[in-house]
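# Coordinate inspection notes
This is what each chain is made of:
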Protein chains: 2
Amino acid sequence: MRTAILTVGTEILFGQVVNTNAAYLSQELNHMGYDVMYHYTVGDNPERLLETIELAFRDCDLILTTGGLGPTQDDLTKEVICQAMDDYLVVNETCLADLKAYMMKMNRTITENNYKQANMPSRAVVLPNDAGTAPGFLLEKDGKRIIAMPGPPREMTRMFEKQVKPILAAHQDSVISYRILRAFGLGESRMETELLPLINVQTDPTIATYAKEGECSLRIASKRATQQEAEAAVDDMIEKVDALIGDYIYSHDNEELVQVVGRLLLEKNITISCCESCTGGLFAGALTQVPGISDVFNRGIVTYTNQAKVDELGVSADTIENYGAVSQETAAEMASGLYRITGSDICISITGVAGPEPSEGKPVGLVYIGMTWQGATTVQKVQMRNVNREWNRHYAVLSMLHEVYRRIIM
Amino acid sequence: MRTAILTVGTEILFGQVVNTNAAYLSQELNHMGYDVMYHYTVGDNPERLLETIELAFRDCDLILTTGGLGPTQDDLTKEVICQAMDDYLVVNETCLADLKAYMMKMNRTITENNYKQANMPSRAVVLPNDAGTAPGFLLEKDGKRIIAMPGPPREMTRMFEKQVKPILAAHQDSVISYRILRAFGLGESRMETELLPLINVQTDPTIATYAKEGECSLRIASKRATQQEAEAAVDDMIEKVDALIGDYIYSHDNEELVQVVGRLLLEKNITISCCESCTGGLFAGALTQVPGISDVFNRGIVTYTNQAKVDELGVSADTIENYGAVSQETAAEMASGLYRITGSDICISITGVAGPEPSEGKPVGLVYIGMTWQGATTVQKVQMRNVNREWNRHYAVLSMLHEVYRRIIM
């Protein structure tokens, strides 16, 4: 069913609040097989709201609104929806009783404007709100439906989960299943090029590619009569994708690289320590996002200066002098020095030029990643594109994580 | 000027990506005195995109679009904008040369679909993209203007900041001057309450408060006939704000806390080392965002396990046994141990419970921040609200930075 999500609220147009409601509802609706065609956001303005509802109904049969159900003067969603759907507001006795009970429970006195919240369109199916004072509702006219929910995300998601989802499930006409694959090491356009044989003939499942902060992801979706059919079609397509770009894919379930690496380290009980120069602690910071990682994450050392590399890791001053701090030789001595200290299964090091300026005559974006693993120390040289200091450091951390990933899945 | 923000991208309608671009642009446009009337999101569908552009122009004179400028087949924003504005695409030689140079610099080969990105509407003012392969553009027809930017937030914000802002500033019909103050240590509603005497009587300058990831900011704006008048009015209001909540404010120029701290450490040549438990390297990672910080940032150590605290920092095993790893005593020994090793002017430590589960019977969100400074070691206890592991660690880093800030401004 063609659906629009309509957010009402001046705070969104001011940019004070990011519209997470629209993202949440879109995801939920898509999971249920509804087609979200538009997001609209308008301020607390009755004319523009009415116009937008009429517009959305030209192309859609269902509108979900959030916001504008509060007690204040600028909360006008209900009034405008009545106008659009040829209805009028009446005091709803159930809502009024709920409101009084809620306010008593919260030890708050009902203000005059609160009473407004017990008014409902006369034909509405009321959706009670057990987390706030504004009930939602469903209103239908000539096969077009509006579902109105409050704006605060906590109230809205609760109402959606408990009241709206069962209603939508009953009206569903097909089932969608999808999975998101994540890849590292190839750009979005390269990925699409590799997948063209599949993309060019796609009908169902559909394949969509996305770029995201140095990584790529791929959404494979199928819409079928039953969940089983849809899932089987998606699995079948994943096999074909794996045959083309499987080497780059590290997750079939939209997992972040750091989560995959953390999970594998824990599952295989592989201990790890790290020493960082250009990333300055961000690799350790990323890895310690993973709850429980302390079982395998032994030591992190930030050796930002040359002296620290010598003192903490036993890198030879001659090596730094002869080859520079940003060199294959220094990266190797950092990793093997760390191994001498910690004895961790994996000892990973990084040294590089994060920018904005080149260093030691070496270009921004050049990093060396050293690793001691099973008795051997190896070094990877990575020349990243230089975006900016922040991105370069982020990408360097991803490169380190991917280096760990490659080793432990072998 | 009445403005609409139009986001193009099926991934937004799928709810895979939260539309932070619209929030960012709204905030920036409002700051510049533009009126944002609508947000629209449509998928990669030419008919609906065209219809939405026409619709937005009924009520607005300016549309900012993001997304759909990529190299792939479903990137159709340029084609549709041409249709809406009566123009056609031509190969833009400058864009083509930029693209080739960019791909060469990145060591990537140009794929066939990349060439598409060098096509531009014939009348377009091109907006170069130095962070990616998709240039943006401005196109005008009969007083209506569209500014098209790429979708990835990093590319978009960069292009907006460097190219679009100056264009918008030139088309502004009155002069707005504003400054953004940043505060740490008080919530948004508390800040608003403290400022009510000013907010209640505000006409010009206006005061708006924003909450952002554990910090608060305050925008003071004035719209006057001349830049000088507007600036003077803003400065005058800043004095009044400082009189009320000056203790919490660390920047009058929208500087991030880490940048302020980094600048002060460098200016005063104060050396610093850190050892981290619950933040796992994020403090070091944050501090090393600051270019040139290696002049004063000596050593970072991530002692995530108890053994690491003993081995690396000489924390007594008895202390951990008797008081726990998350304790005032351990935080103090971590900081003083770090001082013995490094001799840095400031040695800061942190130990705490990031969550999701309590640890040692101590609540999630409890952290101890130790600091050795001018011969004395002190410990601050901070009980944060528990949001989630990621937020808790972020807030813990801010607390450490603020602790450093408080000392060095004394």
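What follows concerns the interface of chain B and chain A. Accessible area lost during the coming together of the parts is what is often quoted as the interface size. Counting residues at the interface gives 72 residues for chain B, matched by 70 residues for chain A. Across the chain B/chain A interface, buried area totals approximately 5,800 Å², and carbon plus sulfur atoms make up 52% of it. Summed over the three residues of chain B that lose the most area to chain A, namely B:Leu13, B:Phe14 and B:Arg154, the buried surface amounts to 11% of that side. In this assembly, chain B and chain A are joined by six salt bridges. A salt bridge links A:Asp311 to B:Arg299, with the nearest nitrogen and oxygen atoms 3.6 Å apart. Joining chain B to chain A, the criterion identifies 25 residue pairs in polar contact (both at pLDDT 80 or more). By residue number, the principal contributor to the side of chain B that touches chain A is strand β2 (residues 35–42) of chain B, which donates seven residues.

Right, let's talk about the pairing of strand β9 (residues 175–183) of chain A for a bit. Residues and elements named next belong to chain A. Along β9, eight of the nine residues are buried, which leaves the element largely enclosed by surrounding structure. As defined by bridge partners, β9 adjoins strand β11 (residues 215–224) across nine bridges and the pair is classed as antiparallel. The partner of Ile 180 across the bridge, within β11, is Arg 219. Alignment of β9 against strand β12 (residues 249–251), held across two bridges, turns out to be antiparallel. Counterpart to Ala 183 in the pairing with β12 is Ile 249.

Tallying each qualifying case throughout the model produces 13 aromatic pairs over all chains. Measuring from ring centre to ring centre gives 5.9 Å for A:Tyr40 and B:Tyr40, while their planes differ by 85 degrees; the resulting arrangement is edge-to-face. Here the residue A:Tyr40 occupies a position in strand β2 (residues 35–42), and B:Tyr40 occupies one in strand β2, the pair thus bridging two chains. According to the relative accessible area criterion, A:Tyr40 is buried, its value standing at 4%. Between B:Phe184 and B:Tyr395, the ring centres sit 5.3 Å apart and the planes meet at 35 degrees, which makes this aromatic pair tilted. With B:Phe184 in the loop between β9 (175–183) and α7 (188–199) and B:Tyr395 in helix α14 (residues 389–408), this residue pair connects regions lying 211 residues apart in the sequence. For the pair B:Phe184 and B:Tyr395, one class covers both residues: buried. Grouped by ring-pair contacts, the aromatic residues A:Tyr38, A:Tyr40, B:Tyr38 and B:Tyr40 constitute a single cluster.

With 18 residues, helix α6 (residues 153–170) of chain B should cover 26 Å at 1.5 Å per step; its first-to-last C-alpha distance of 24 Å lies within 8% of that length. For α6(B), the full list of buried residues reads B:Arg154, B:Glu155, B:Met156, B:Met159, B:Phe160, B:Val164, B:Lys165, B:Ile167 and B:Leu168.

If you walk across this open sheet you meet the 10 strands as β17(A)-β16(A)-β15(A)-β13(A)-β14(A)-β14(B)-β13(B)-β15(B)-β16(B)-β17(B), and the pairing is mixed. What marks the edges here is a single partner per strand, and that holds for β17 (376–383) of chain A together with β17 (376–383) of chain B. Direction aside, the axes of adjacent strands within the sheet are offset by 10 degrees on average. Relative to strand β16 (residues 366–373) of chain B, strand β15 (residues 346–352) of chain B is paired through seven bridges, and the arrangement is antiparallel. Across the sheet, residue B:Gly352 finds its bridge partner in β16(B), namely B:Val367. Relative to strand β14 (residues 297–302) of chain B, helix α11 (residues 306–313) of chain A is tilted by about 40 degrees, and along the sheet it contacts β13 (272–276), β14 (297–302) and β15 (346–352) of chain A together with β14 of chain B. The strands that helix α13 (residues 328–342) of chain B touches are β13 (272–276), β14, β15, β16 and β17 of chain B; relative to β15(B), the one it contacts most, it runs at about 145 degrees.

All right, on to the pairing of strand β10 (residues 206–212) of chain A then. Residues and elements named next belong to chain A. Sheet analysis places β10 next to β11, joined by seven bridges and oriented antiparallel. Bridged to Ile 207 within β11 is Ile 220. Adjacent in sequence and paired antiparallel, β10 and β11 are bridged by two residues, among which Glu 213 carries a positive phi angle near 45 degrees.

Residue and element names in this part refer to chain A. Of all the bends in helix α6 (residues 153–171), the greatest reaches close to 45 degrees and is centred on Val 164; the proline Pro 166 follows between one and four positions later. Looking only at α6, the buried set comprises Glu 155, Met 156, Met 159, Phe 160, Val 164 and Leu 168. Contacts made by the buried residues of α6 are with α2 (20–31), β3 (62–66), β6 (125–127), β7 (136–141) and β8 (144–149).

When charged atoms on two side chains of opposite charge get close, those side chains can pair. In the structure shown here, the tally under the stated rule is 40 salt bridges over all chains. Residue B:Lys362 pairs with B:Glu360 through a salt bridge whose shortest N-O separation is 3.1 Å. Note on B:Glu360: relative accessible area 42%, which makes it partly exposed. Each of A:Glu28, A:Glu161 and A:Lys165 takes part in salt bridges that share partners, so that together they form one network.

With that out of the way, let us pick up the confidence of the model for chain A. All names here are of chain A. With 100% of its residues at a pLDDT of 70 or more, chain A shows a mean pLDDT of 91. The weakest mean pLDDT in chain A belongs to β10 at 79; the strongest belongs to β15 at 98. Predicted complex, confidence summary: ipTM 0.74, pTM 0.77.

Before going further, it helps to spend a moment on the sheet that holds strand β1 (residues 2–8) of chain B. Sheet strands line up and pair through hydrogen bonds in the backbone, either parallel or antiparallel. The strand order β6(A)-β7(A)-β8(A)-β3(A)-β1(A)-β2(A)-β2(B)-β1(B)-β3(B)-β8(B)-β7(B)-β6(B) describes an open sheet built from 12 strands, whose pairing is mixed. Two strands in the sheet have a free side with no partner beyond their single neighbour: β6 of chain A together with β6 (125–127) of chain B. Taking the axes of each pair of neighbouring strands and ignoring which way they run, one obtains an average angle of 15 degrees across the sheet. Against the sheet, α2(A) touches β1 (2–8), β2, β3 and β8 of chain A, its axis set at about 160 degrees to β1(A).

When a protein is soluble and globular, its nonpolar side chains tend to lie buried together. By size, the foremost hydrophobic cluster in this structure holds 58 residues, and its most contacted members are A:Ile53 and B:Ile53. Contacts of A:Ile53, omitting those with residues within four sequence positions, involve A:Leu6, A:Ile63, A:Val80, A:Ile81, A:Ala84 and A:Ile146. Judged by nonpolar contacts, the second largest core, of 43 residues, contains A:Leu257, A:Cys274, A:Val296 and A:Val387.

What follows covers the side chain of B:Ser344. Residues and elements named next belong to chain B. Note on placement: Ser 344 falls in the loop between α13 and β15. Judged by its relative accessible area of 1%, Ser 344 is buried. Of the polar contacts made by the side chain of Ser 344, one reaches the side chain of Asn 298; its length is 3.3 Å. Each residue touching Ser 344, except ones within four places of it in the same chain, is listed here: Thr 271, Ile 272, Ser 273, Asn 298 and Tyr 339.

Turning our eyes to something else, we now look at the state of the cysteines. Covalent bonding between the sulfur atoms of two cysteines is what defines a disulfide. A complete count under the given rule lists zero disulfides over all chains for this structure. Counting only cysteine sulfurs, B:Cys60 is the nearest neighbor of A:Cys60, a cysteine outside any disulfide, at a range of 20 Å. For A:Cys60, a relative accessible area of 0% corresponds to the buried category. Sulfur of A:Cys82: no disulfide; nearest cysteine sulfur belongs to A:Cys95 and is 13 Å away. According to the relative accessible area criterion, A:Cys82 is buried, its value standing at 4%.

So, how was this worked out
- Residues numbered from 1 in each chain as written.
- Chains lettered and ligands numbered in written order.
- Predicted model: local features only at pLDDT ≥ 70, side-chain atom pairs only at ≥ 80, totals over all residues.
- Heavy atoms only, no water.
- Contact = heavy atoms within 4.5 Å.
- Buried area = accessible area lost by both parts, 1.4 Å probe.
- Salt bridge = Lys/Arg side-chain N within 4 Å of Asp/Glu carboxyl O.
- Polar contact = N/O pair within 3.5 Å; in protein donor to acceptor, adjacent residues only side chain to side chain.
- Helix = DSSP H or I, 4+ residues; strand = E, 2+ residues; numbered from the N terminus.
- Buried < 20%, exposed > 50% of the residue type's maximum accessible area, 1.4 Å probe, protein only.
- Pairing = 2+ DSSP bridges.
- Phe/Tyr/Trp six-rings, centres within 6.5 Å; stacked < 30°, edge-to-face > 60°.
- Expected span 1.5 Å × (residues − 1).
- Axes fitted to C-alpha atoms, helices over the stretch in contact; angles between N-to-C directions.
- Bend = angle between axes of the 7 residues up to and from the residue.
- pLDDT = per-residue confidence, 0-100.
- Core = buried A, V, L, I, M, F, W, Y, C linked by side-chain atoms within 4.5 Å.
- Disulfide = S-S within 2.5 Å.

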